[in-house]
Amino acid sequence: MAVEKISLALGPEDVLRAKQEKYPDRDLKLLESVVDEDKFMLLDKSNQKTVFGSGLNYVTQHEIGQPSWDGYYEFRYFTLDTKQRKILESIMQRWENDYDIPVGLKYSLVLHVPHKNLQYLMLNVWQSDIDFFDWNTSSDNKINQFNYNENSQPYISHFVLAPEKKEE
């Protein structure tokens, strides 16, 4: 099934695990930051109405590859003007046609905020962190030209699937 929309929630691990347990039919993915062991995110890819109060709701503009939720997660936030949107469309068309897809990229979603068409989130699932870092530092990375708000570069956060809760 195609992923039409994504909802995200940030918060303490125990709160997000409780939400995950409350909605087992949604297959919510609990993610843990790779740079901050106390930072967690819950990802809902069910295409259903959100159960989160966070307001972090996105609709899919592009989906590349087969859905794969096991790997190294890159969340790349950027804002685009009209000219940049056309450049992004061109890049995504090449990826969708299996041309220029980065090595190690398993799955990619380009998402945007409804009613805020300038704000984008690219969710990439990589085979490994090395694949991501190789691509991100490569001159072949055409996505790096897009920045976030007034920053000179995109805002990128990194996550992995959180391990199962250990029984005490």
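What this report covers is the structure whose coordinates are included nearby. (Residues numbered from 1 in each chain as written. Predicted model: local features only at pLDDT ≥ 70, side-chain atom pairs only at ≥ 80, totals over all residues. Heavy atoms only, no water.)

Judged by nonpolar contacts, the single largest core of 19 residues is most densely connected at Leu 8, Leu 43, Trp 69, Tyr 73, Phe 75 and Leu 123. Looking at this core, the elements that each hand over two or more residues are β1 (5-11), β3 (40-44), β5 (72-79), β6 (105-113) and β7 (116-126). When sequence neighbours within four positions are dropped, the list of residues in contact with Trp 69 reads Val 3, Ile 6, Lys 29, Leu 43, Lys 45, Tyr 107, Leu 109, Leu 123 and Leu 161. One finds Ile 64, Tyr 72, Trp 135 and Phe 146 within the second-largest nonpolar core, a separate group that totals 17 residues. (Core = buried A, V, L, I, M, F, W, Y, C linked by side-chain atoms within 4.5 Å. Buried < 20%, exposed > 50% of the residue type's maximum accessible area, 1.4 Å probe, protein only. Helix = DSSP H or I, 4+ residues; strand = E, 2+ residues; numbered from the N terminus. Contact = heavy atoms within 4.5 Å.)

Right, let's get into the layout of surface pockets. What the largest pocket holds in volume is close to 350 Å³. Along the wall of the largest pocket there are 17 residues; nearest its centre are Trp 95, Asp 100, Trp 135, Asp 140 and Asn 141. The set of elements that each furnish at least two residues to the lining of the largest pocket consists of α2 (82-96) and α3 (129-136). It is α2 that contributes the most residues to the lining of the largest pocket, five residues altogether. Of the residues that constitute the lining of the largest pocket, the class distribution is eight nonpolar, three polar and six charged. (1 Å grid on protein atoms, 1.4 Å probe; cavity = no way out; pocket = protein on both sides within 12 Å on 5 of 7 lines; lining within 4 Å. Points joined across faces, edges and corners; volume = space filled by probe spheres on them. Nonpolar A, V, L, I, M, F, W, Y, C, P; charged D, E, K, R; others polar.)

It is worth spelling out empty space enclosed by the protein at this point. Enumeration according to the criterion identifies one cavity of 30 Å³ or more in this entry. Forming the boundary of the largest cavity are Lys 5, Ile 6, Ser 7, Asp 44, Lys 45, Ser 46, Asn 47 and Gln 48. Residue contributions to the lining of the largest cavity peak at three residues, all from β1.

β5 sits mainly inside the fold: eight of its eight residues count as buried. Burial along β5 is two-sided: Tyr 72, Glu 74, Arg 76 and Phe 78 facing one way and Tyr 73, Phe 75, Tyr 77 and Thr 79 facing the other are all buried. When β5 meets strand β8 (residues 155-161), the two strands line up antiparallel, connected through six bridges. Bridging across to β8, Glu 74 finds its partner in His 158. (Pairing = 2+ DSSP bridges.)

Attention now moves to α3. Listing the buried residues of α3 in full gives Asp 131, Phe 132, Trp 135 and Asn 136. Each buried residue of α3 lies within a common arc of 125 degrees when the element is viewed along its axis, so the set occupies one face. (Arc of directions from axis to C-beta.)

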